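# Analysis of the macromolecular model
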Amino acid sequence: MRTFAEPAARRDSGRPPTLLALRALKLGDLLVAVPALKALKRAHPGHELVYAGPAWLAPVLELIPAVDAHLPTPGLDDLLPLSPGKVDVAANLHGNGLESRRIISALQPRRRIVHGAPADPTAGLEADAGPGWQDGVLERHRWARLVNAFGATADPDDVGILVPAAPPPVLGAAVVHVGAFYGSRQWPVERFVAVAKALTADGLRVVVTGDGGRDLPRARAVAAAAGLDATAVLAGSLDLTGFAATIAAAAVVVTADTGAAHLASAYGTPSVVIFGPAPPEEWGPPPGPHVVLTDARLRRGDAFASEPDPALLAVGADQALGAARRVLRSC
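The present account deals with the structure reproduced in this document. The numbering scheme is per chain: residues are counted from 1 as the chain's sequence reads. Only residues with pLDDT of 70 or above have their local features reported here, since the model is predicted, and side-chain atom pairs are shown and tallied only from 80 upward, although totals for entire chains, interfaces and linings are computed over all residues. Only hydrogens and water are removed before side-chain values are computed, so all heavy atoms of the structure are retained for them.

## Section: the packing of aromatic side chains
The criterion, for reference: Stacked, tilted and edge-to-face pairs are distinguished by plane angle, under 30 degrees for stacked and over 60 for edge-to-face with tilted covering the rest, among Phe, Tyr and Trp rings (Trp via its six-membered ring) whose centres lie within 6.5 Å. Going along the chain from the N terminus, every DSSP run of H or I of four or more residues is numbered as a helix, and every run of E of two or more is numbered as a strand. Note on classification: 1.4 Å probe, protein chains only; a residue is buried when its accessible area is under 20% of the maximum for its type, exposed when over 50%, partly exposed between these limits. As a reminder, the over-ring test applies to NZ of lysine and CZ of arginine, requiring each to be within 6 Å of the ring centre and within 35 degrees of the ring normal.
Under the criterion given, the structure shown has four aromatic pairs. Considering the side-chain rings of Y182 and F304, the 5.1 Å spacing of their centres and the 90° angle between planes classify their relative orientation as edge-to-face. With a gap of 122 residues between them, Y182 in the loop between β6 (174–177) and α6 (189–201) and F304 in the loop between β10 (290–293) and α11 (310–313) connect regions that are remote in the sequence. The exposure class of Y182 is partly exposed, given its relative accessible area of 26%. Here the aromatic rings of W187 and F192 are separated by 4.9 Å at their centres, their planes lie at 85°, and the arrangement is edge-to-face. Look at W187 and you get buried, because its relative accessible area is 0%. Following the ring pairs from residue to residue traces out a cluster consisting of F181, Y182 and F304. Over the face of the ring belonging to F181 we find K26, whose NZ or CZ atom lies 4.9 Å from the ring centre. Cation over ring: R142 sits above W133, and NZ or CZ is 4.0 Å from the ring centre.

## Points about the pairing of β6
Working note: regular strand, side chains alternate between the two faces of the sheet. For clarity, the cut-off: Strands were regarded as paired on the criterion that DSSP finds at least two bridges between them. Assignment of crossover handedness uses the view with strands pointing away from the viewer, where a clockwise path from the first strand over the helix to the second indicates a right-handed crossover.
Burial along β6 is two-sided: A174 and V176 and V175 and H177, pointing in opposite directions, are all buried. Note: β6 against strand β7 (residues 206–209), four bridges, orientation parallel. Pairing of A174 across the sheet is with V206, part of β7. You can see the chain leave β6, run along α6 and come back into β7, and the turn it takes is right-handed. Sheet topology places β6 next to strand β8 (residues 252–256); four bridges connect them, and they run parallel. The residue of β8 that forms the bridge with V176 is V254.

Read these as spatial facts, not as claims about activity.
What follows is the structure in structure tokens.
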């Protein structure tokens, strides 16, 4: 993905104007914004669409044709390294808090695509006109609704992205994804083991994915206890492109509510998604071969907790296995 460089003027000779979309968040957050990004590009076909988000997301941005360039943005602590007036259109797809509003305002774009918000003189922010922020709605719908209010036409279920050109390391596998950034989403190892054993007995090749650091011990423990060959552990051996290719080529994905689940949605790969602190009413998959498992009655909702959310722990291995078998039969 090409890294964005500030134009010398608002319109360099022969260079298109800039449309910047701010969303300095993680993989799943990027993927639920895909419908809005596609709509923004359709509504501004003559603009260069620049995504301001973490540098490590560049390989997935390559798979979203709507995105033309990438401005690495690790978070909201600092203003973007762009001179005022150089961005033509700026879209706040990050949120509606003071930090993201301040970043968009400092760009002094000709047009702002933002949620409505009152002025805040202490932060130097003028009032923003736009649709009011809504709590408790699907993230895909939130951002589709925002851009639609400014003349774009977004389908919140239009989440598809390109499949990487490089072949995946394995075709048609059952992907057991043990990864989770926070403990609140860590489904117990022994339950992943039970699912992996049963799917192997069903004749599927099972691979175990996750981050190469924090998730690797869990991935190795699952593979060993399930009687899988060491080559089944793909945690730590895949870059983001290879991970996307593996999900795209999978027979089924069993995962907590993580980036793996959103990649499965993007590729229409059958999936079983176990929800803990986040409600599926806000982060669930679009229509398709996907099964959501959780117990909302027990949800604590602390995404940053070190212990698994009770809503996640309420889902047993038998439930996940049964859902995986059902979704496989339906395809």
